[in-house]
Amino acid sequence: MTSEAVHAGGDPRRLLAEARDLARRVRLAQRVTWLPLLVLALVTFGAIPAYRYGHTIVDDCRTVDGGQVCRVWEPAAQFYWLAAVVLAYVVIAGGYLRVARARGVDARVLPYVLTGVAISVVLFAAIAAGAGAWIVRDPQALLDPSAFVQALFRLLTPTGGIGLALLVLAWLERHVALLLFALGYLAVVLVPIDFGWGAHWGGQWENVPMLVISGGVLMLGSAGFALAQRLRRSR
């Protein structure tokens with residue numbers, strides 16, 4: 001190939017760089033990261049009255065050394081989560097599609113939405129079937145579960161499912177900042193990081209502190225990503 005032909009066709013390295021830059025700009029245009037965080041934060045806050053005023057069912061109690069181990073079922077809260085999360089992902093999908101049409105790009109939100117709905121349905125079924133008894137076979141061990149088992153139980157909750165779905169969204173969008181946020185959110189849920197707030201409330205207030213904290217983390221994340229997007233678009 002002559003030097004004239006190379007010049008006419010363009011520098012391959014320059015063309016590759018331009019293609020990569022175009023792909024990056026398309027990914028940025030596809031992102032509406034603040035939307036799922038905002039919607040899921042509202043869903044999390046909405047769960048507070050479901051736990052506070054919902055009915056708790058305790059059954060299948062077994063006597064062990066030092067007390068009893070029972071299955072606890074909160075139908076109002078669990079049905080709220082199932083309905084609210086499915087509706088939330090429908091709203092998120094609609095928002096992504098609307099923004100994508102306005103910006104003239106494709107939306108890659110469907111795998112995230114399907115994953116989020118699937119996780120919610122699986123968690124609902126697992127809780128209804130008493131998944132705790134599958135994870136820890138020995139009822140005696142449930143009186144004082146290890147830190148790993150406690151973290152696993154927290155992962156198998158609606159708030160844990162939100163974190164898993166955010167990891168999927170971060171992978172789809174190739175979004176490092178969202179990945180770090182999702183990992184931080186999961187750390188707050190699994191540790192949990194509550195600074196001892198409400199540790200002795202008990203009863204129907206027991207879940208409220210972590211719902212407020214995890215919902216607050218999602219709300220702050222939504223505000224942060226929305227501000228970053230606005231600053232980027234104003235340049």
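Throughout what follows, the structure given in this document is the object of discussion. What you see is a predicted model, and the numbers here were worked out from it, not measured in a lab.

**Some details on the nonpolar core**
Of all hydrophobic cores here, the largest spans 38 residues; its most connected members are Y112 and L218. Those elements giving two or more residues to this core turn out to be α3 (34-53), α4 (75-103), α5 (110-128), α8 (158-173), α9 (176-190) and α10 (208-234). Here this core gets ten residues from one element, more than from any other, and that element is α3. Leaving out residues up to four positions away in the same chain, Y112 has contacts with P36, L40, Y89, I92, A165, L166, V168, L169 and L172.

**A short note on unusual backbone geometry**
Here the amide bond leading from V191 into P192 is cis, since omega sits at -15°, within 30 degrees of zero. Within the secondary structure, P192 sits in the loop between α9 and α10. The phi dihedral of R174 falls on the positive side, at around 50°, and the residue is not glycine. If you trace the backbone, R174 turns up in the loop between α8 and α9. In this structure R174 comes out as partly exposed when scored by relative accessible area, which is 46%.

What counts, and at which threshold
Residues numbered from 1 in each chain as written. Predicted model: local features only at pLDDT ≥ 70, side-chain atom pairs only at ≥ 80, totals over all residues. Heavy atoms only, no water. Core = buried A, V, L, I, M, F, W, Y, C linked by side-chain atoms within 4.5 Å. Buried < 20%, exposed > 50% of the residue type's maximum accessible area, 1.4 Å probe, protein only. Helix = DSSP H or I, 4+ residues; strand = E, 2+ residues; numbered from the N terminus. Contact = heavy atoms within 4.5 Å.

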